[in-house]
Amino acid sequence: MLSLRNRNVDNSGMKWSEKEKVIYTGATLPGEKKDTTLPLPQSYSPKYVESCWYHWWEKQGLFSPEKHREIPHAVDKYFSLCIPPPNVTGTLHLGHALTVAIEDSLARWRRMQGHKVLWVPGCDHAGIATQAVVERRLLRDHGRRRQDYSREEFVQEVWKWKKEKGDEIYDQLRKLGASLDWNRACFTLDPDFNRAVTEAFVRMCDSGLVYRSESLVNWSCALGSAISDVEVDSKQVSGSTHLSVPGYQQKVEFGTMVTFAYPINGNHGEVAVATTRPETMLGDVAIAVHPDDPRYQSLHGQHCRHPFTNRLLPIITDTMVDMDVGTGAVKLTPAHDYTDFLLSQRHSLPRLTVIGGDGTMTSLCGQWLEGVKRFEAREKVIGALIEKKLFRGKRDHAMSLPICSRSGDVIEPLLKKQWFVRCEEMAKKAIQAVDEGKLEIIPHFYTKTWKNWLSNISDWCISRQLWWGHQIPAYQVSFPGSDDTQEEKWVWARTEAQAKDRAAAKFGVSPDAMTLIQDPDVLDTWFSSALFPFAMLGWPQQTEDMKQFYPNTILETGSDLIFFWVARMVMLGTELTGQLPFKQVLFHSLVRDKYGRKMSKSLGNVVDPLDVILGVSLERLQEKVMEGNLDPREEAIAMEAQRKDFPEGIAECGTDALRFALCSYKAQGEDISLSMSQVLGCRHFCNKMWQTVRFTLGALEDTDVPLTPLPETAPVSCVDRWVCSRLSSAVRQCEKALESYQLHIVTSSLHAFWLHDLCDVYLECVKPVLKQQDKAERQVAIAVLYHCVSLSLCLLSPFMPFLTEELWQRLQPYGPDPGRAVTSVCVQPYPTASQLVHWQFPQEETDFPLVQEVVRVARSLRAQCHITKDRPDMWAVCTPDKAQILYNFSHAVCALGRISNLHLHCPQDGATSLPFPSAPPPPEGSLVGVVDHSVQLHLDVQNCSNADQQIVLLSQHREKLQFRLQQSLSQTKVMNYTEKVPGHIRKETANKIAALEQELKSIDNQLLVLKNVKNASGS
C-alpha cells in the first residue's frame, strides 16, 4: 500500500523530496513474526520497516536475561544497567533519545556477544514537577487549588492523572527500539520501591547519617518548598537588571547595592551599611566590623538603634568581615543569609525570620509590612529610609543571583527545621573509590570535577514541603498533658506500629501514653532516585536479581547529572549495600541545537524524537508551542524560530536514522550540536543499505549452487580479497572502539565500509562478474557479497535494530544453512576479528589506494571532456611496481573508471620481470592526467564525439582560471609586499599561483589535442 505525499524539505543543507510511503499490509497479529516473504519494496520506508518487529521481540522474550540460557554462544558474563528514569510528567526529548541510543547499542552489543543482559526501565515520580502539573490542571479544569483538597484527595488526583497518562513514556521508549526488560519495569512510587526508600531512610537515621536540624535552606517561594544546592542555578548580573519573577506582575530590579545608615545609640553618629537586599534589614540583629578597621575602633561594643523596630543592634568584631567591600560594616541577618548564619553561631546572636515561606513579610516586621511580598517590601523599605533621612544611595553592583532551576523563582534562604544527610564521610569514600580504580569515570577528565565537588560537599537537605512523593517515615512524639514543648521529639520507623514501639523504648513510656504524628513532608526525589541501581533489583531483599546483577556493570547518563544523581547513587549505594552500585560511569555530552544553543521551549528549538522519526508539519510544530505554558512573548519567539529552522516541517527519518545519527557524534567530549540535515543523511544511508540488499537478493536468486559457509569462503580475485580485508579491518576497529565505548568510531567505520568500500567500489566491480559465464568466479563473488552484507547487518544491528532485522531476515533463506531455525539478528553472535583472520589481506589493502587515485584521475579526465557514455581506452605510463598493482586490479580500474581497456606501459628497465608484456606507448593526442611522479594516465579521446562542445567548455574554464591567476599575481605586486604580508600567507599565495599555472598549462595541452582531433576528423 503506497501513501503518496509530496513534501519538499530544505533546511540548511537538508534536501528531501518525500514521494511515497510504503506501509506494511501483511496479516500479522501483534506479537507474531512479520511476513518477510512479501516482495521487498522498491525503496526504504521507515514506517514499513519498523512495523511488527518490536512486539515480536517482546513476545519472544529476547530482552529478558532468562533468554540467555537458550543462546548457543552464551558466555558466563553479565551486563546490567538501568535507564536514567525519565520523569512521569513529560515526554522524551532528544537528550533522552541520545541516552537510549547509546545504552541500547551497548545492551544489544553485549547480548549479541552472549552476555546475560539486564537493562531495567523505570520512571521517576518527579515530586515537584508532577505536583505542579496536577495543580495547574485542577485549577484550569475545576477552579480549585491544592489547598482546597485534603492531602489524601490530592494524592488520589495525582494517581488518577498518572493512570490517564498511561505508559506514554514507555511507549516512546519502545518506539526508539529500546531493548528493555519490561517485566522488571519499576516506578519510584511502586510499593516495593517505597519499601526500599523507607528502609534506606530508617537505616541512615539509625547510623546517624540522616539527622534533623534547624538550618538555612534554599527556599523556593513559588514552590513553597526547600530545594537542594544542586537545584540552584546562578544567574550573573553585571548591574541594574530587571527580571521576571513568579508571582509578580512587574519585573523586579536586581544588581544594585543600597547603602543606608543605622544611628548609633546614645550619640549623633551613625554606621553606614550596604546591602543588595534592603528588605531583610527588618531581620538585622547586629552590625559586624573587622577588629583592625580604624574607622570603627571607637565603636567596638556599642549599639545601633533599629529605625523601625527600635531594637538595639550590637556592633561586634569578626575577622570574616572584608574591610574593602562596601562600607566595611556588615549588617547581620542570620535567618536569611548563609554567612550571617555562621556568624550568629560564633557570636550567639538571635535569628529573626522576617520573610515567610510564601514570600511575604512576617509579623515581626510590623503592621506596615506584614503580608507584603518581599520584593514589593524592598521598595517600601527604601521609601521609609528616605523618609527618615537614613538612605545614603544606590549604585550598580555585579552579583550572582540564586535561581530555582525548577520554578525560575529567586531563592530565599530561610531558617527551617528539616532532615539532612551527612555527606562528608560518604563523599570521601566516593573519591577514594575513583582514586583506587574501583570506580572508573569515562571520559576521565570528569574525575577532576568529581573530586572537586565531593571535596567541598555540604550536607544535603532532603525534606520537601510537597504532598506527592515518599512521605518521610519519621514521627513526632508528643505526650498528652505534658508542658514540655521546647524540644522536638522524633522517632523513625518502617511502620507506624514499629514507631510506637521505638518511641516507647526511647522515652520509657507506654505506647498508649503518647501521640505520633508523621512528618507531612516528603523526601527529595533525588533521594529515591539514588537508590535506583539496587532498589530496582529488589533491595533490601537479597533477591536472585541482586545476586546476579549487582553491582550494575555500568551507569550511562548525561554529564549534567554528575552531582544530582551519580554522586548520590555512589554515596548511598556504598553505604546501604556495602558495594559500589556500578563499576563504571559513562557520561555523554548535552544535545544542543545546530547553533550550539541549549534546547529550550522558549527558544522553539526543543525537538520531540517522535517528530524526527515520524515526520511533522510546521503547523503541528506550532500547535505544540501553543499547547505549552509559555508567556505570549516567548511563544512568539519560539514560533518564529520554528518558521526559520523548519519552514516545511521535519522530514520522516525513522528510528534507525535518528539512532545512528546520535551515535555518530563524539558523545564523550564537547556538547553535540544536532542538525536535522545530519539525521536526514543517515536516512539516505538507510536507503543505500536497502538498495544494497535488494541487489544482493537479486544475485542470490540467480544462483542454484549452495553458498559456502564463512570459514570456507576464500576470496580469489584481488577485489574480492580487498573487500574481505576491508571488512576484517572494520571489525577489528569496531571491536576495539566498542570496548572503550567510542560509538562514533564504530558508526564511522561501518558507514565508511558499507557506503565507500561495499557500494562505491565492490558492487560496481562485481556487476560485470555476475554476468560472466565463469561459474566458479561468479559463485565466489556471490558468497563474498552475501557474507559481507550479512556480517555488516550484524555489526550495525545494535545501532539500527529495525532495518537490520528486516534485511537480515530477508537474507537468511539464501544462507549456507537455509534449513536452520532463524531467530533474530539481535541474538546472533556479534562478528569478531578472530572469525575473519582468513580474510586479512594487508597487501591488497596497501595497494588499493593507488587504484582509487587512478580511478579519480580517470574520472576527472572524462569529466573534462564531458564524456558520459563512451568508454575510451586508457594508458597508464608507470613504474613496474605500480604496473603490477594496476594489472592485479585492472578489472576494478576498468569498471570504476568506466574505460574499455587499461594498457600498462613501462618505459623504465625492469618491465621484463613483469608477468605480462608492457603495452606500446600511448597514442599521440591523448588527454594526460598525473596521478603521482610514478604514474601518468593517457585517455584516448581520438574517437570521442563532440569535440566542439569540449573545446568551448575548456576555453570558458580557461578564461576563469586566467582571471583568478591575474588576481593572485596582482596581490604580490603591491608595495612592500614582502614586508607587509606574513610568510605563511606569501607561501599560500605562491602555491596557489603555481597550481593555477599548472592547470592552465594542462588545459592548453588538452585544447591542442582536441583541435588536432577536430582537424583530423574534418579532413
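Structure's up top.
What counts and how
- Numbers given for residues are sequential positions, taken from 1 along each chain in its written order.
- Note on the predicted model: pLDDT of at least 70 is required for a residue's local features to be given, and 80 or more for side-chain atom pairs to be given and counted; whole-chain, interface and lining totals, by contrast, use all residues.
- Derived side-chain values reflect all non-hydrogen atoms in the structure, with water molecules and hydrogen atoms excluded from consideration.
- For two strands to be treated as a pair, DSSP must find at least two bridges joining them.
- In this description a helix means any DSSP run of H or I spanning at least four residues, a strand means any run of E spanning at least two, and both kinds are numbered starting from the N terminus.
- Here the axes come from fitting lines to C-alpha atoms, over the contacting stretch only for helices, and the angles between their N-to-C directions go from 0 to 180 degrees.
- Here, two residues are considered to be in contact whenever any of their heavy atoms come within 4.5 Å of each other.
- Salt bridge, as used here: a side-chain nitrogen of Lys or Arg that lies within 4 Å of a carboxyl oxygen of Asp or Glu.
- Each residue is assigned to one of three classes by its accessible area relative to the maximum for its type, calculated with a 1.4 Å probe on protein chains only: buried under 20%, partly exposed between the two thresholds, exposed over 50%.
- How far a helix is expected to stretch is found by multiplying one less than its residue total by 1.5 Å.
- Our arc is simply the arc of the directions from the helix axis toward the C-beta atoms.
- Our angle categories are set so that under 35 degrees counts as roughly parallel, over 145 as roughly antiparallel, 65 to 115 as roughly perpendicular, and the remainder as oblique.
- Each crossing is labelled by how the near helix is turned from the far one, with a counterclockwise turn of less than a right angle marking it left-handed and a clockwise turn marking it right-handed.
- Residue classes follow a fixed rule: Ala, Val, Leu, Ile, Met, Phe, Trp, Tyr, Cys and Pro count as nonpolar, while Asp, Glu, Lys and Arg count as charged, and any other residue, Gly among them, counts as polar.
- Criterion for a disulfide: a pair of cysteine sulfur atoms at a distance within 2.5 Å.
- Pairing of aromatic side chains here covers Phe, Tyr and the six-membered ring of Trp, requires ring centres within 6.5 Å, and sorts the geometry by plane angle: under 30 degrees stacked, over 60 edge-to-face, intermediate tilted.
- Whether a charge sits over a ring comes down to the Lys NZ or Arg CZ being within 6 Å of the ring centre and within 35 degrees of the ring normal.

## Regarding the sheet that holds strand 26 (residues 515-518)
Turning to step 1, where the next piece is worked out: One open sheet holds the three strands; their spatial order is 25-24-26, and the pairing between them is antiparallel. Each edge of the open sheet carries a strand with a single partner, namely strand 25 (490-492) and strand 26. When strand polarity is set aside, the average angle formed by the axes of neighbouring strands in this sheet is 35°.
Turning to step 2, where the next piece is worked out: Packing of helix 12 (residues 496-507) onto the sheet brings it into contact with strand 24 (474-478), strand 25 and strand 26, and relative to strand 25 it is tilted by some 135°.

## Focus on the sheet that holds strand 14 (residues 286-289)
Turning to step 1, where the next piece is worked out: Taking strand neighbours across the sheet as the criterion, the four strands line up as 15-16-14-17 in an open arrangement whose pairing is mixed. One side of each edge strand has no neighbouring strand; the edge strands of this open sheet are strand 15 (303-305) and strand 17 (329-332). Strand after strand, the sheet turns through a mean of 30° between neighbouring axes, direction not considered.
Turning to step 2, where the next piece is worked out: Pairing of strand 14 with strand 16 (residues 312-317) involves three bridges; the strand directions are parallel. Residue pairing for strand 16: Ile 287 is matched across the bridge by Ile 315.

## A look at the pattern of salt bridges
Turning to step 1, where the next piece is worked out: Applying the stated rule across the entire model yields 54 salt bridges.
Turning to step 2, where the next piece is worked out: With a shortest N-O distance of 4.0 Å, Lys 175 and Glu 50 are connected by a salt bridge. Taken together, the residues span a long stretch of sequence, with Lys 175 in helix 6 (residues 168-175) and Glu 50 in helix 1 (residues 46-50) at a distance of 125 residues.
Turning to step 3, where the next piece is worked out: The partner of Arg 502 in a salt bridge is Asp 206, and the shortest N-O contact between them spans 3.0 Å. Placement of the pair is Arg 502 in helix 12 and Asp 206 in helix 7 (residues 191-206), with a sequence separation of 296 residues.
Turning to step 4, where the next piece is worked out: Given the relative accessible area of 44%, Asp 206 is considered partly exposed.
Turning to step 5, where the next piece is worked out: One salt-bridge network, in which partners are shared between bridges, spans Glu 66, Asp 181, Arg 184 and Asp 545.

## Quick word on helix 19 (residues 632-645)
Turning to step 1, where the next piece is worked out: For helix 19, spanning 14 residues, the distance from its first C-alpha to its last is 20 Å, which sits close to the expected 20 Å at 1.5 Å a residue.
Turning to step 2, where the next piece is worked out: Every buried residue belonging to helix 19 is among Ala 638, Met 639, Ala 641, Gln 642 and Asp 645, and all of these are buried. The arc that holds every buried residue of helix 19, seen down its axis, measures 155°, which confines them to one face. The exposed set on the far side of helix 19, more than 90 degrees from its buried face, consists of Pro 632, Arg 633 and Lys 644.

## Here we look at the packing of helix 20 (residues 655-663) against helix 21 (residues 676-701)
Turning to step 1, where the next piece is worked out: In contact at an axis separation of 8 Å, helix 20 and helix 21 are set at 120° when each is read in the N-to-C sense. By the angle between their directions, the pair helix 20 and helix 21 is classed as oblique. Judged by the twist between their axes, the crossing of helix 20 over helix 21 is right-handed. Residues Asp 656, Ala 657, Leu 658, Phe 660 and Ala 661 of helix 20 form the contact with helix 21, whose own contacting residues are Gln 678, Val 679, Cys 682, Arg 683, Phe 685 and Cys 686.
Turning to step 2, where the next piece is worked out: For the contact of helix 20 with helix 21, a count of residues per class yields eight nonpolar, one polar and two charged.

## Concerning the state of the cysteines
Turning to step 1, where the next piece is worked out: Applying the stated criterion across every chain yields a total of zero disulfides.
Turning to step 2, where the next piece is worked out: With no disulfide of its own, Cys 205 lies 13 Å from the sulfur of Cys 461, the closest cysteine sulfur.
Turning to step 3, where the next piece is worked out: No disulfide involves Cys 461; its sulfur sits 11 Å from the nearest other cysteine sulfur, which is in Cys 423.

## Concerning the packing of aromatic side chains
In this description, a pair of aromatic rings is defined by centroid distance and the angle of the planes.
Turning to step 1, where the next piece is worked out: Summed over the entire model, instances satisfying the criterion amount to 34 aromatic pairs.
Turning to step 2, where the next piece is worked out: Pairing Phe 848 with Phe 889 gives two aromatic rings, centres 5.3 Å apart and planes at 70°, and the pair type is edge-to-face. Pair noted here: Phe 848 is in helix 26 (residues 842-864) and Phe 889 is in the loop between helix 27 (880-888) and helix 28 (890-897), with a separation of 41 residues, a long-range link. Assigned by exposure class, Phe 848 and Phe 889 land together as buried.
Turning to step 3, where the next piece is worked out: Among the aromatic side chains, those forming a connected cluster through ring pairs are Tyr 24, Tyr 44, Tyr 48 and Trp 690.
Turning to step 4, where the next piece is worked out: It is Lys 162 that lies over the ring of Phe 187; its NZ or CZ is 4.5 Å from the centre.
Turning to step 5, where the next piece is worked out: When the ring centre of Tyr 248 is taken as reference, the NZ or CZ atom of Lys 373 above it lies at 5.1 Å.

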